[in-house]
Amino acid sequence: MIRLSKLRSLAIVLLPLALLAQPQPQPLRYDSATVSGLPARNIGSATMSGRIAAVTGVIENGRLTIYAAAASGGVWKSINGGSTFRPMFDDQSVQSIGAVAVDASNSKIVWVGTGEAWTRNSVSVGDGVYKSVDGGENWTNVGLKNSERISKILVDPKDGNSVLVCATGHLWDDSDERGVYKTSDGGKTWRKVLAGSNPSTGCGLLASSEQQPGTIFASLWDFRRQGWTFRSGGPTPTSVSGRN
């Protein structure tokens, strides 16, 4: 006869063995199907300053830093992945922003293009390109002050001094300071590298690939806003590509 105490010992031994015999759970896989049913959610700022014209981010010390550019409310920065934001551009002479970019070779260098590029009849204007070398704490206007509207900034990932700016230009009249501009000295000097066929044609957008950053795609836009109407499009080619 087996004593009760021995039965208890046998049960204690058999129980872990039974657990080991259970099939082990497979590690979770995360792919597009996993998140396909999840809706987008607002992560801030709760008191946004109008339309958000541009957003960029960078990983710093293992944390996500975000810069959000508002079409009528300056530049906002988050150092905790979007949990909180604080304004970084309040002391400047304009608050209408069209573009923001971070230097991939030095995340402390931030470029901002002022002037909302969405050509509504109620938009404000900018006064050129700004540059910060301390993560947005201080800013310097580095040129293109008569462009009024900038829709995109591309910083060469291999050379932070090489920057392209897409200047949409004046909304209500012809202007010369529009098109694609380039600096090779960090904003000290600029030269126009792509112009439209007439003074009402500016740059609509710029794009490049991380794998081939020297290949640039640009769209040109011939437009004119008037108090009673809006003309969009003209004889200028809509897009071009080239080597930077």
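Residues numbered from 1 in each chain as written. Predicted model: local features only at pLDDT ≥ 70, side-chain atom pairs only at ≥ 80, totals over all residues. Heavy atoms only, no water.

Brief notes about the overall build of the protein
The helix and strand inventory of the protein stands at two helices and 16 strands. Considering the protein as a whole, with its 244 residues, one finds that 41% of them fall into the buried category. Looking at the protein as shown, the accessible area adds up to about 14100 Å², and 54% of this sits on carbon and sulfur atoms. (Helix = DSSP H or I, 4+ residues; strand = E, 2+ residues; numbered from the N terminus. Buried < 20%, exposed > 50% of the residue type's maximum accessible area, 1.4 Å probe, protein only. Areas by Shrake-Rupley, 256 points an atom, 1.4 Å probe, with all protein chains shown as cover.)

Focus: the nonpolar core
Core analysis: the biggest nonpolar cluster contains 15 residues, and Trp111, Val129, Ile153, Val165 and Trp190 have the highest contact counts within it. Those elements giving two or more residues to this core turn out to be β5 (97-102), β9 (150-155) and β10 (163-167). Excluding its chain neighbours within four sequence positions, the residues that come into contact with valine 129 are Trp111, Val112, Thr140, Asn141, Val142, Gly143, Leu144, Ile150, Val165 and Trp190. With 14 residues, the next largest nonpolar core counts Ala54, Val75, Ile97 and Val100 among its residues. (Core = buried A, V, L, I, M, F, W, Y, C linked by side-chain atoms within 4.5 Å. Contact = heavy atoms within 4.5 Å.)

A look at the pattern of salt bridges
By the definition in use, this model includes six salt bridges. Where aspartate 176 meets lysine 192, a salt bridge forms, and the shortest distance between an N and an O atom there is 3.7 Å. Placement of the pair is aspartate 176 in the loop between β10 and β11 (179-183) and lysine 192 in strand β12 (residues 191-194), with a sequence separation of 16 residues. Salt-bridge contacts for arginine 231 lead to aspartate 222; the nearest nitrogen and oxygen are separated by 2.9 Å. A relative accessible area of 6% means that aspartate 222 is categorised as buried. (Salt bridge = Lys/Arg side-chain N within 4 Å of Asp/Glu carboxyl O.)

Considerations on the state of the cysteines
This model, assessed by the stated rule, comprises one disulfide. Here cysteine 166 is linked by a disulfide to cysteine 203, with a sulfur-sulfur distance of 2.0 Å. Its S-S torsion of about -105 degrees marks the bond between cysteine 166 and cysteine 203 as left-handed, since a negative value means left-handed. Taken together, the positions of cysteine 166 in strand β10 and cysteine 203 in strand β13 (residues 201-208) put the pair 37 residues apart, joining distant regions of the chain. Among the residues examined, cysteine 203 registers a relative accessible area of 0% and is labelled buried. (Disulfide = S-S within 2.5 Å.)

Section: the environment of valine 75
Along the chain, valine 75 turns up in strand β3 (residues 74-78). Residues within four places of valine 75 in sequence aside, it is in contact with Tyr67, Ala68, Arg86, Pro87, Met88, Phe89, Ile97 and Val112.

Considering the packing of aromatic side chains
Scanning all chains against the criterion turns up five aromatic pairs. When the centroid spacing of 5.1 Å and the interplanar angle of 80 degrees are considered together, the rings of phenylalanine 89 and tyrosine 130 count as edge-to-face. With phenylalanine 89 in the loop between β4 (86-87) and β5 and tyrosine 130 in strand β7 (residues 129-132), this residue pair connects regions lying 41 residues apart in the sequence. Accessibility expressed as a relative area gives 0% for phenylalanine 89, which makes it buried. By relative accessible area, which is 3% here, tyrosine 130 ends up buried. Taking 6.2 Å as the distance between ring centres and 70 degrees as the angle between the ring planes, the aromatic pair formed by tryptophan 221 and phenylalanine 230 counts as edge-to-face. Among the aromatic residues, those joined into a ring-pair cluster are Phe89, Tyr130 and Trp139. (Phe/Tyr/Trp six-rings, centres within 6.5 Å; stacked < 30°, edge-to-face > 60°.)

Comments concerning the sheet that holds strand β8 (residues 140-143)
Whenever strands of a sheet pair, they do so through backbone hydrogen bonds, lying parallel or antiparallel. Reading across from one edge, β5-β6-β7-β8 is the order of the four strands in this open sheet, with antiparallel pairing throughout. A strand with exactly one partner marks an edge of an open sheet, and here the two such strands are β5 and β8. Strand-to-strand twist of the sheet, defined as the mean angle between neighbouring strand axes without regard to direction, takes the value 25 degrees. The sheet contact formed by β5 and strand β6 (residues 110-114) spans five bridges and is antiparallel. The residue bridging alanine 99 from the neighbouring strand is glycine 113, located in β6. (Pairing = 2+ DSSP bridges. Axes fitted to C-alpha atoms, helices over the stretch in contact; angles between N-to-C directions.)

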